[in-house]
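Spelled out, the chains give:
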Amino acid sequence: ATPTSIMVGTGRAAEDGILFKGGEHLERTHELEAIVLDKTGTITKGKPEVTEFIGNEETLKLLASAEKGSEHPLAEAIVAYATENSLPFLEVDAFNAIPGRGIEATVGEKQILVGNRKLMRDHQVNAVDAEEAMAQFEIEGKTAMLIAINGEYRGVVAVADTIKETAPEAIKQLKEQGLEVIMLTGDNERTAQAIAKQVGIDTVIASVLPEEKADKVKEIQLRGKKVGMVGDGVNDAPALAIADIGIAIGTGTEVAIEAADVTILGGELLLIPKAIKISHATIRNIR
Ligand code: ADP
Ligand code: MG
């Protein structure tokens, strides 16, 4: 490998918005055989909005007040929705985030749970009445969350995130380059499948807990594949680090950028097939 061609390659990549941490990462990128993409904030814009709320005003107030303590994009969407509807926020006495599941909060005498089916199961909340609405929202690619107050099911809130316009084209190009493309998400199977379908991804690994993301990357590596992992969140960092090439979304968290080998500016997914192309071209010049 000539240092000059690597320098030219990393320089060219940087001009396009592909920031390699070192020449060796550019050299290795052409070896990738699989690309794993996180869903929220990577394939989607990561700016979800509330589309439906089922429940009474009291439930909505408690829901929004509880979510004020969370930094999750889903929480931001709910807080924005309550603000737009001029709902007052109540004082929260206790708050607890449960990774991969949801949140738990106390407002006066009331205990509020917001999250997925797993969270409700953990607290023995019977939310069977919500199942039909939940399934419908999920088929539409929305993330539906259940709300319980004092252990009783009280409502559903659905949130939708839009896919990045260039995502389908980027995934098409990756497939044409011969790569296996996989979506990895903490969201449920049905929502994940709906989003995957919109962007042309056939393989989905859903309902993955934050701490399990790295294990899933490792499993693909154990199948003998060189894996590129693309992500934006704090919970993607271990997976980005373990991947053969970790690719951070430039609009993502600092933790993800630090854990990755390369950052794509503006979160433009078309820069991923481009990085692979530049890596191939660099290697050809070397040989
Ligand atoms: P993602 O990979 O989509 O970021 P997470 O592991 O952060 O997934 O979350 C998984 C699921 O846990 C969400 O789809 C949601 O159902 C639930 N959840 C997480 N945070 C919250 C929250 N603040 N409020 C309600 N539900 C939440
Ligand atoms: Mg994400």
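Residues numbered from 1 in each chain as written. Chains lettered and ligands numbered in written order. Predicted model: local features only at pLDDT ≥ 70, side-chain atom pairs only at ≥ 80, totals over all residues. Heavy atoms only, no water.

Caption draft 1: Focus on the overall build of the chain. When its secondary structure is counted, the chain shows 13 helices and 13 strands. Computed over C-alpha atoms, the radius of gyration of the chain comes to 21 Å, within 12% of the 19 Å expected from 2.2 N^0.38 for 287 residues, which places it in the range of a compact globule. Taken along the three principal axes of its C-alpha coordinates, the chain extends 70 × 30 × 30 Å. For the chain, the proportion of its 287 residues judged to be buried stands at 49%. A fraction of 59% describes how many contacts in the chain between residues 6 or more apart in sequence connect residues 24 or more apart. Looking at the chain, you have 30 positive and 45 negative side-chain charges, and the mean spots of the two groups are 6 Å apart. (Helix = DSSP H or I, 4+ residues; strand = E, 2+ residues; numbered from the N terminus. Rg over C-alpha atoms; globule rule 2.2 N^0.38 Å. Buried < 20%, exposed > 50% of the residue type's maximum accessible area, 1.4 Å probe, protein only. Contact = heavy atoms within 4.5 Å. Lys, Arg positive; Asp, Glu negative; His and termini not counted. Charge placed at Lys NZ, Arg CZ, Asp CG, Glu CD.)

Caption draft 2: The arrangement of the nonpolar core in detail. In this structure, Ile35, Leu37, Ile201 and Ile272 are the most contacted members of the largest nonpolar core, which totals 35 residues. Those elements giving two or more residues to this core turn out to be strand 1 (18–20), strand 2 (34–38), helix 8 (167–176), strand 9 (180–184), helix 9 (189–199), strand 12 (245–249), strand 13 (262–264) and helix 13 (271–286). No other element matches the five residues that helix 13 contributes to this core. Each residue touching isoleucine 35, except ones within four places of it in the same chain, is listed here: Leu174, Leu179, Glu180, Val181, Ile182, Gly228, Val230, Ile247, Ile272 and Ile276. Grouped together as the second largest cluster of nonpolar side chains are 22 residues, Leu62, Val107, Ile147 and Val157 included. (Core = buried A, V, L, I, M, F, W, Y, C linked by side-chain atoms within 4.5 Å.)

Caption draft 3: Geometry of empty space enclosed by the protein. Counted according to the given criterion, the structure contains one cavity of 30 Å³ or more. If you go around the largest cavity, you meet 13 residues; those closest to its centre are Thr29, Ile247, Val262, Ile272 and Ala275. Mapped onto the lining of the largest cavity, the elements with two or more residues apiece are strand 1, strand 12, strand 13 and helix 13. (1 Å grid on protein atoms, 1.4 Å probe; cavity = no way out; pocket = protein on both sides within 12 Å on 5 of 7 lines; lining within 4 Å. Points joined across faces, edges and corners; volume = space filled by probe spheres on them.)

Caption draft 4: Structural context of the side chain of aspartate 261. As for its position among the elements, aspartate 261 is in the loop between helix 12 (254–259) and strand 13. No salt bridge is formed by the buried aspartate 261; its nearest oppositely charged neighbour, arginine 28, is found at 4.6 Å. Polar contacts involving the side chain of aspartate 261 include one to the main-chain amide nitrogen of glycine 246, which spans 2.7 Å. Those residues in contact with aspartate 261 that sit more than four places away from it in its chain are Leu19, Phe20, Lys21, His25, Asp244, Ile245 and Gly246. (Salt bridge = Lys/Arg side-chain N within 4 Å of Asp/Glu carboxyl O. Polar contact = N/O pair within 3.5 Å; in protein donor to acceptor, adjacent residues only side chain to side chain.)

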